[in-house]
There are 2 protein chains.
Amino acid sequence: MAVAVKERAKALRAAPAKVLKADVALPVNQILRGDCISEMRKLPDASIDMIFADPPYNLQLGGDLARPDGSHVDAVTNDWDKFSSFAVYDQFTREWLTEARRLLKPDGSIWVIGSYHNIFRVGTILQDLGFWILNDIIWRKANPMPNFKGTRFTNAHETLIWASKSEKSKYTFNYRAMKTLNDELQMRSDWVLPICSGPERLRRNGTKAHPTQKPEALLYRVMLATTNKGDVVLDPFFGTGTTGAVAKRLGRDWIGCEREDDYIEVAQERIELALPLDESSLVTMQSKRSAPKVAFGALVESGYLAPGTRLTAKKGRFTATVRADGSLQSDAEIGSIHGLGAKLQGAPSCNGWTFWHVEHEGEVKPIDSLRQLYLLAVED
Amino acid sequence: MAVAVKERAKALRAAPAKVLKADVALPVNQILRGDCISEMRKLPDASIDMIFADPPYNLQLGGDLARPDGSHVDAVTNDWDKFSSFAVYDQFTREWLTEARRLLKPDGSIWVIGSYHNIFRVGTILQDLGFWILNDIIWRKANPMPNFKGTRFTNAHETLIWASKSEKSKYTFNYRAMKTLNDELQMRSDWVLPICSGPERLRRNGTKAHPTQKPEALLYRVMLATTNKGDVVLDPFFGTGTTGAVAKRLGRDWIGCEREDDYIEVAQERIELALPLDESSLVTMQSKRSAPKVAFGALVESGYLAPGTRLTAKKGRFTATVRADGSLQSDAEIGSIHGLGAKLQGAPSCNGWTFWHVEHEGEVKPIDSLRQLYLLAVED
DNA sequence: GCGTTCCGTGAATCCATAA
DNA sequence: TTTATGGATTCACGGAACG
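Residues numbered from 1 in each chain as written. Chains lettered and ligands numbered in written order. Predicted model: local features only at pLDDT ≥ 70, side-chain atom pairs only at ≥ 80, totals over all residues. Heavy atoms only, no water.

This part covers helix H11 (residues 337-345) of chain B. Since there are 3.6 residues in each turn of an α-helix, residues three or four apart along the chain are aligned in direction. Those residues of H11 of chain B that sit buried are Ile337, Leu340, Gly341 and Ala342 of chain B. A positive backbone phi angle near 70° is found at Gly346 of chain B, which sits one or two residues after H11 of chain B. (Buried < 20%, exposed > 50% of the residue type's maximum accessible area, 1.4 Å probe, protein only. Helix = DSSP H or I, 4+ residues; strand = E, 2+ residues; numbered from the N terminus.)

Our next topic: the protein's contact with DNA strand D. If you check the shell around DNA strand D, you find 27 residues, and the closest are Tyr175, Lys179, His338, Ser349 and Arg371 of chain B. Within the contact set of DNA strand D, a base oxygen lies 3.4 Å away from a backbone nitrogen or oxygen of Pro144 of chain A. One nitrogen or oxygen atom from the side chain of Asn351 of chain B is found 3.3 Å from a base nitrogen belonging to DNA strand D. Class assignment for the residues of the surface near DNA strand D results in eleven nonpolar, nine polar and seven charged. (Near = heavy atom within 4 Å. Polar contact = N/O pair within 3.5 Å; in protein donor to acceptor, adjacent residues only side chain to side chain. Nonpolar A, V, L, I, M, F, W, Y, C, P; charged D, E, K, R; others polar.)

A few words now on the packing of helix H3 (residues 86-103) of chain A against helix H4 (residues 119-128) of chain A. All names here are of chain A. Look at H3 against H4: their axes get within 10 Å of each other, and the N-to-C directions meet at 45°. Judged by the inter-axis angle, H3 sits oblique to H4. The hand of the H3/H4 crossing is right-handed. Together, Phe86, Tyr89, Asp90, Thr93, Arg94 and Leu97 of H3 and Arg121, Val122, Ile125 and Leu126 of H4 make up the contact between the two elements. Of the residues in the contact of H3 with H4, the class split is six nonpolar, one polar and three charged. (Axes fitted to C-alpha atoms, helices over the stretch in contact; angles between N-to-C directions. Parallel < 35°, antiparallel > 145°, perpendicular 65-115°, else oblique. Left-handed = near helix turned anticlockwise from the far one by under 90°. Contact = heavy atoms within 4.5 Å.)

Attention now goes to the packing of aromatic side chains. In this structure the tally under the stated criterion is 37 aromatic pairs over all chains. Between the aromatic rings of Trp111 of chain B and Trp162 of chain B, the centroid separation amounts to 5.6 Å while the plane-to-plane angle is 15°, which identifies the pairing as stacked. Taken together, the residues span a long stretch of sequence, with Trp111 of chain B in strand E7 (residues 104-114) and Trp162 of chain B in strand E9 (residues 157-164) at a distance of 51 residues. A single burial state applies to Trp111 of chain B and to Trp162 of chain B, both of which are buried. Site record: aromatic cluster; members linked through ring pairs are Trp111, Trp162, Tyr171, Phe173, Tyr175 and Trp191 of chain A together with Phe153 of chain B. Above the ring of Trp191 of chain A, the side-chain terminus of Arg221 of chain A is found at 5.0 Å from the ring centroid. In this structure, Arg101 of chain B is placed above the aromatic ring of Phe131 of chain B, and the distance from its NZ or CZ to the ring centre is 5.6 Å. (Phe/Tyr/Trp six-rings, centres within 6.5 Å; stacked < 30°, edge-to-face > 60°. Lys NZ or Arg CZ within 6 Å of the ring centre and 35° of its normal.)

Quick look at the pairing of strand E8 (residues 132-141) of chain B now. For a regular strand, the rule is simple: side chains alternate between the two faces of the sheet. All names here are of chain B. With respect to burial, E8 is a largely interior element, nine of its ten residues being buried. Here E8 runs beside E9; their pairing, made up of eight bridges, is antiparallel. Among the inter-strand pairings, Asn135 is bridged to a residue of E9, identified as Trp162. (Pairing = 2+ DSSP bridges.)

Here the focus is a nonpolar patch on the surface. There is a patch of nonpolar side chains on the surface, built from Tyr304, Leu373 and Leu376 of chain B and spanning about 290 Å² of accessible area. The exposure class assigned to Leu373 of chain B is partly exposed, which follows from its relative accessible area of 43%. (Patch = residues over 30% accessible without salt bridge, like charges linked within 9 Å, V, L, I, M, F, W, Y side chains within 5 Å. Areas by Shrake-Rupley, 256 points an atom, 1.4 Å probe, with all protein chains shown as cover. Salt bridge = Lys/Arg side-chain N within 4 Å of Asp/Glu carboxyl O.)

Geometric descriptors of this kind do not, in isolation, establish any biological role.
Shown next, in the form of structure tokens:
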């Protein structure tokens, strides 16, 4: 395999270079092997249309973590994510963002993705360097990893910052494309996308090739929104080349920086196999809107149903009281609207929404009618 | 009306003050009129359980920027002044967060809400001051304002940072209450809630009383998750008193700082009208961690489980015998229900209560169910 | 072949308490 | 302060295994 990969790598490196005004060739559709800061220093000023960066997050993980079933959580323990202090991380961030800003065309823009570990440092430094933040985008993960110990809220999202080179930039934003992609509604700042798994996840010898591979759908939306066909996209932390693969599919040129040989090899093979999309296959990329689901607790905290309210069922045969956290209490039992309903009836299951009733304006109605009211208020 | 409000204000100010060890009375359930930094300076160290802050983020808006002391900052639009604006904002943020940290009890925590204009500055400074970020929470607005010009993504969320006073803090997190509130699924870091509108939105003379009034549902979830009944909650930017109203409803004490007389008046009237929930509906689902402990040996000596009983685990893959002292014996090993379970699986740890099963009336049940029976018998 | 069940796993700052 | 021990704790999805 190694030979075949090297052949392909050679072919990739021989890709036609773009010639700029300054007569400096831009090494387009190639992976630059090495540290991103020194590699970026070799590139000419104002030559890049868009930068997508997935820098190390500086996770600062503690000891091992086990799931409730005892299995081991495979954490990000790579050396490239280790920094001795915030000051060191800030210095690193300032350096690569300074180079990034130099490389951007005046109307270019940059995307950086991160988590609460690092994104506040990144955002602050972006602002300090003169970038102009356009949006912060929330990637709401459809299937995040749970919080196994029950100690915090499930960390179910990552944050992307989108910023132009300066306040004056006439940046690219394909408003119509985004609206079309979102069923004719304006694309919002929160994007629901699954994490990268299944056949899309790159593996070597059965184990994941990279610990933090991003889903192509994420890059697809980023590139479709903020670049045009033929633009040059730079990714300073190329990894296994998601940026390159999506750029090729969408007819954009790309440049990647990467230090690790293993990642480079995987990325080259992957991009070689990536095919430009035709119009018909674009359709399958559109994400469905998921049906709204309402937790009973949401009605309580939104004031649609006050804690202490009496609910009845089966014409008053059963009664229960709403508690502050959205649980129900009967004489002897506590449970969810579904669980308590089932328990009281001795039934295996119960739809609490239609089982429990509440008196509202002299009328006894199923609590499901409150859910409908809530949905009306929440939609749009 | 003004007279009635003043009467109520007087009554509020006469609320019983909590007396601390240091013999300094904490002005509980009162609004402190004045700049939050100077008002906070009057309060004693380590006296507050939780802080909720909705600080101003009046930068980059082309409008005025006021320094903490109220003096005016010239809003010139060149780069140099942009930096100076950030520096002023950072200084202000550092000052009030420093006071906030001093006031927090060692196990206290803080919430700060903001948007991309200021939240990166806030997060960075929180980290620099030694706060320990626990989650960043996305308030996903169900009904955001559209982007009228179609130049960016619809800004459809705000970000909250939840941080403990230090890395070592044993902060409050009511895991079970949150899980109950979310239909028995872990509460995630993205919260879908409507913006504050309709009858909840406070108005004076037909116009909204405050430009950024937060929905009570947001504070409800924050307080239910990270405080206990009787805790003291401080809000340095009290505005129209959403924090106070929800605190009163949920049986928490509160302190607010506010400079503007108009807001104070509206807030006092509002909190006066808020109804506290009664005790019983305030009770939330408790985690097992806070339940009384039962030694496995107690089940044996009480006859719930006879010595010699065979226990199984993982569908019969593991078996062990109960011994008279409450230890378990497998073929080659002896240990506690937890220790033996861990050893047999080669796992670092194991919850024996859910791991081991016993046949009882033809059904195979975890021995935890016996513990529940035992607890029922022992209670009362 | 098809439906069911089981198992693996993902950017994670992931325990509390007594001795 | 450190160490040992009890025992609390998970959601969605893909793919393999099974019947």
